[in-house]
Amino acid sequence: QADMAMYWAKQNGRDNAKFFEAFMANEVSSRFQYEQQIKQALAQQQFHLLYQPQIDTLSQSVMGFEALIRWQHPDKGMISPVEFIPIAEESNLICHIGDWVLQQSIALLSAWQTAGVAVLPIAVNISGRQFVAEGFIDTIASLLQQHQVDGSLLKIEITEGVFLHDMSQCIDIMAALKGMGVEISVDDFGTGYSSLHYLKELPLDILKIDKSFVSGIGDQAEGDKICEAIIQLAQNLDLKVIAEGVETQEQANVLNVLGCHLHQGYFYDRPLSESAALRLLQQGQRTALGTSVV
Ligand code: C2E
Ligand code: MG
Ligand code: MG
Ligand code: MG
């Protein structure tokens, strides 16, 4: 109960608390319980990562992976990140999850190096709160150092919402990442609320076309237009562009014709287990273009 009261006051402030108490008590207590369960999940290793291949259609090879978190709950079964990440993002919990994802991904890169396979980069999703949190850069630097992994093998995916933070702080963080060779992608590009202004201010590397635009391809006459515009924009700004959620041959063809040759989606691969990803690497999926496709 004491924990609950503190939680309540912290989230809402005293006055708001009074006002909403009766109305929201249920939601808050279940949210509180949910957060407790996420903490427990971290402690009890109920999370794991899957790795979805990213394909370069020009060289017809895998050029990297995106790490995607899964929660195997002992009673509820598999819980989607779409459900628990937004709740974790409301508190510092997301930073603990994010640190765990970074640690796992960098350790896997190191294991691949030890196994002697040609290593491909892993892209990790980082929430805004963690991106601007104190110590974020240090965490990455020390994990890379500890596991003897080069920064060019790690990519960071952030959404446009991050750019609503102080611009100069974002620039500093990105410059530090750049200094380590870590590339930065804008995830779900085109779905956020931020202006396009940041695109020329920030040292970005990659735009990821959101799957809602990719699934619009071939739907109606206008379906391809947004993808076309984003690809043009990326080319004009000297950014790489990758399409997510590619599910059909038609979508792949249209994207290729429009000049977007980096694809990710069920048409190629679902997110894979660690062992399936390793098998892919062992099959020698990599070409000379492997680590960095310009
Ligand atoms: P996202 O980063 O945009 O990831 C892409 C999502 O699209 C993934 O869903 C992936 O499995 C799914 N996807 C890939 N190809 C296809 C396709 O062809 N068709 C369809 N319908 N879906 C496809 P997932 O794994 O459920 O992740 C959902 C979201 O959860 C992610 O969106 C990301 O925002 C968040 N997320 C996942 N893992 C992490 C993580 O480790 N940290 C953080 N902060 N967020 C994460
Ligand atoms: Mg992503
Ligand atoms: Mg995405
Ligand atoms: Mg998305």
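Here the structure is a predicted model, which means the values were calculated and not measured.

A.B. asks: How do you make sense of the coordination of the magnesium ion (ligand 3) when you look at a structure like this?
C.D. replies: A four-donor tetrahedral metal ideally has 109.5 degree angles, and a six-donor octahedral metal ideally has angles of 90 or 180 degrees. Listed as protein donors to the magnesium ion (ligand 3) are D187 (OD), D188 (OD) and E244 (OE); their distances from the metal cover 1.8 to 2.7 Å. Separating the magnesium ion (ligand 3) from the magnesium ion (ligand 2) is a gap of 3.6 Å, which D187 spans by donating to each of them. Placement of the pair is D188 in strand β6 (residues 183-189) and E244 in the loop between β8 (240-243) and α11 (249-258), with a sequence separation of 56 residues. Given the relative accessible area of 9%, E244 is considered buried.

A.B. asks: Would you explain the pairing of β6 in this entry?
C.D. replies: The side chains of a regular strand alternate between both faces of the sheet. Within β6, 6 of the 7 residues are buried, which leaves it mostly tucked inside the rest of the structure. Crossover connection from strand β5 (residues 154-159) via helix α7 (residues 167-179) to parallel β6: handedness right-handed. Where β6 lies against strand β7 (residues 206-209), 3 bridges are found, and the strand directions are parallel. Counterpart to S185 in the pairing with β7 is I206.

A.B. asks: Help me understand the coordination of the magnesium ion (ligand 4), please; the structure alone is not making it clear to me.
C.D. replies: For the magnesium ion (ligand 4), every protein donor is listed as D188 (OD) and E244 (OE), and the spread of their distances is 2.2 to 2.7 Å. Between the two metal centres, the magnesium ion (ligand 4) and the magnesium ion (ligand 2), the spacing is 5.9 Å.

A.B. asks: Looking at this structure, I do not really get the site of ligand 1. What am I missing?
C.D. replies: Around ligand 1 lies a shell of 21 residues, among which R70, N125, D187, E247 and Y266 are the nearest. Contacts to ligand 1 include R70, whose side-chain N or O atom sits 2.9 Å from an oxygen atom. Relative to its unbound accessible area of 790 Å², ligand 1 is 85% covered by the protein chains. More than half of the atoms of ligand 1 fall within 2 Å of the grid points belonging to the largest pocket.

A.B. asks: Would you take a moment to explain the layout of surface pockets for this structure?
C.D. replies: Once rolled over the atoms, a probe with the size of a water molecule shows which space is left empty. Roughly 1,000 Å³ of internal volume is contained in the largest pocket. If you go around the largest pocket, you meet 35 residues; those closest to its centre are E66, L68, P81, N125 and D187. Only β1 (47-56), β2 (61-73), α3 (81-88), α4 (93-115), β5 and β6 provide two or more residues apiece to the lining of the largest pocket. Looking at the lining of the largest pocket, its residues break down into 15 nonpolar, 10 polar and 10 charged.

A.B. asks: Is there a simple way to think about helix α10 (residues 225-236) in this case?
C.D. replies: Counting along an α-helix, one turn takes 3.6 residues, and residues three or four places apart therefore face a common direction. End to end, α10 covers 16 Å across 12 residues, agreeing with the expected 16 Å (1.5 Å per residue, within 8%). Within α10, the full set of buried residues consists of C227, I230, I231 and A234. What you see down the axis of α10 is that its buried residues fit within an arc of 100 degrees, all on one side. For α10, the elements touching its buried residues are β6, β7, α9 (211-214), β8 and α11.

Criteria and thresholds
- Position labels on residues start from 1 in each chain and follow its written sequence.
- Each chain gets a letter, beginning with A, and each ligand a number, beginning with 1, in the order they are written.
- Local features are withheld for residues below a pLDDT of 70 in this predicted model, meaning they are given only at 70 or higher, and side-chain atom pairs are given and counted only at 80 or more; totals for whole chains, interfaces and linings count all residues.
- Note: side-chain values were computed over all heavy atoms of the structure, leaving out hydrogens and water.
- For Na, K and Ca the donor cut-off is 3.2 Å; for every other metal, N, O and S atoms count as donors within 2.8 Å. Water does not enter the count, which can leave sites looking incomplete.
- Each helix is a run of H or I in the DSSP string that is no shorter than four residues. Each strand is a run of E no shorter than two, and both are numbered from the N terminus.
- For every residue, the accessible area (1.4 Å probe, protein chains only) is compared with the maximum for its type, and the residue is labelled buried under 20%, exposed over 50%, or partly exposed between those bounds.
- For a crossover, the right-handed case is the one in which the path from the first strand over the helix to the second runs clockwise, viewed with the strands pointing away from the viewer.
- Two strands are said to pair when DSSP picks up at least two bridges between them.
- Whether a residue is near a molecule or strand is decided by its heavy atoms; if any one of them lies within 4 Å of it, the residue is near.
- Two N or O atoms count as a polar contact when they lie within 3.5 Å, although within protein this holds only if one can serve as hydrogen donor and the other as acceptor, and sequence-adjacent residues are included solely when both atoms are side-chain atoms.
- Accessible surface area values rest on a Shrake-Rupley calculation with a 1.4 Å probe, where residue burial reflects the displayed protein chains alone.
- Using protein atoms alone on a 1 Å grid, points that fit a 1.4 Å probe yet trap it form a cavity, whereas open point sets bounded by protein on both sides within 12 Å along at least five of seven lines form a pocket; residues with an atom within 4 Å of a point count as lining.
- More than half of a molecule's atoms within 2 Å of the grid points is what it takes for that molecule to sit in a cavity or pocket.
- Grid points are joined across faces, edges and corners, and a volume is the space filled by probe spheres set on the points.
- For this classification, Asp, Glu, Lys and Arg are treated as charged, while Ala, Val, Leu, Ile, Met, Phe, Trp, Tyr, Cys and Pro are nonpolar and the rest, including Gly, are polar.
- Between the first and last residue of a helix there are one fewer steps than residues, each counted as 1.5 Å, and that sum is the expected span.
- This arc describes the spread of directions from the helix axis toward the C-beta atoms.
- The contact rule is simple, with two residues in contact once any of their heavy atoms fall within 4.5 Å.

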